[in-house]
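So the chains spell out like this:
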Amino acid sequence: MRADFGQQMIELVEGDITAQRVDAIVNAANSRLAGGGGVDGAIHRHGGPRIMQETDRLYPDGCPTGSAVVTGAGNLAAKHVIHAVGPFWSGGRRGEAELLASAYRRCLELARENDCASIAFPSLSTGAYRYPIDQAARVALGTVFDHLADAPAVQLVRFVLFSAGPFAAFAAALEELH
Ligand code: ADP
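The paragraphs below set out a description of the structure included in this document. For clarity, every value in this text was computed on a predicted model and none was experimentally measured.

1. Some points on the overall build of the chain
Turning to step 1, where the next piece is worked out: What the chain contains, in helices and strands, is five helices and seven strands.
Turning to step 2, where the next piece is worked out: Helices and strands in the chain line up, N terminus first, as β-β-β-α-α-β-β-α-β-α-β-α.
Turning to step 3, where the next piece is worked out: Against the 2.2 N^0.38 benchmark of 16 Å for 178 residues, the chain shows a C-alpha radius of gyration of 15 Å, consistent with a compact globule.
Turning to step 4, where the next piece is worked out: Overall size of the chain, expressed as C-alpha extent along the three principal axes, is 40 × 35 × 30 Å.
Turning to step 5, where the next piece is worked out: A separation threshold of at least 6 residues defines the contact pool for the chain, and within that pool the share at least 24 residues apart is 69%.
Turning to step 6, where the next piece is worked out: About 8,300 Å² of surface is accessible on the chain, with carbon and sulfur atoms providing 49% of the total.

2. A word on the site of the ligand
Turning to step 1, where the next piece is worked out: Near the ligand lie 15 residues; those nearest to it are Ile-17, Val-39, Ser-125, Gly-127 and Ala-128.
Turning to step 2, where the next piece is worked out: Between the ligand and Ala-128, the relevant distance is 2.9 Å, taken from an oxygen atom to a main-chain nitrogen or oxygen of the residue.
Turning to step 3, where the next piece is worked out: Taking Tyr-129, its main chain carries an N or O atom lying 3.0 Å from an oxygen atom of the ligand.
Turning to step 4, where the next piece is worked out: Burial of the ligand by the protein chains amounts to 87% of its free accessible area of 570 Å².
Turning to step 5, where the next piece is worked out: Looking at the shell around the ligand element by element, the count peaks at three residues for helix H1 (residues 38-47).

About the criteria used
- Residues numbered from 1 in each chain as written.
- Predicted model: local features only at pLDDT ≥ 70, side-chain atom pairs only at ≥ 80, totals over all residues.
- Heavy atoms only, no water.
- Helix = DSSP H or I, 4+ residues; strand = E, 2+ residues; numbered from the N terminus.
- Rg over C-alpha atoms; globule rule 2.2 N^0.38 Å.
- Contact = heavy atoms within 4.5 Å.
- Areas by Shrake-Rupley, 256 points an atom, 1.4 Å probe, with all protein chains shown as cover.
- Near = heavy atom within 4 Å.
- Polar contact = N/O pair within 3.5 Å; in protein donor to acceptor, adjacent residues only side chain to side chain.

Dropping the structure here:
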């Protein structure tokens, strides 16, 4: 599913984030950049040890929730991995929506700073971090929509949803937006 916004496009696909051929792949990292399951496990497994070596060297203090940092992409078919730290869901009254939006926003900034024309996101925070998928989809797409114009060189923003449920949630949110 696709939506055109002038020269830029938001695309939703069902699939595996590690298989995407784009300039930047976004990782759903934790604030220690310590490695984990889900998206993070898959990225380090397919990308090889170089990615973790780089995060250890460049970001020994990790990355705060709501922000992101960039490394190379190891063996993945991308130029960069952007390690984004979304919030853990604890009911919605601890600034989760703002933190999630801020993580997506920072990824777009890093994509712009690193001359990326294409970027692939997983659905941040909706696995181990338990953010409700319908709400997460609205925040994710709303934030990207609001900030696309700030990153004019980014032509393609692809959301890679791992299964049919998350895909349907993102499709509904994209329809609302478009
Ligand atoms: P978080 O800790 O931020 O919640 P997770 O990696 O646990 O991150 O999950 C984020 C989302 O990514 C979940 O919806 C999960 O189903 C999905 N996911 C897990 N593995 C992959 C993958 N290889 N590609 C794309 N999405 C994935």
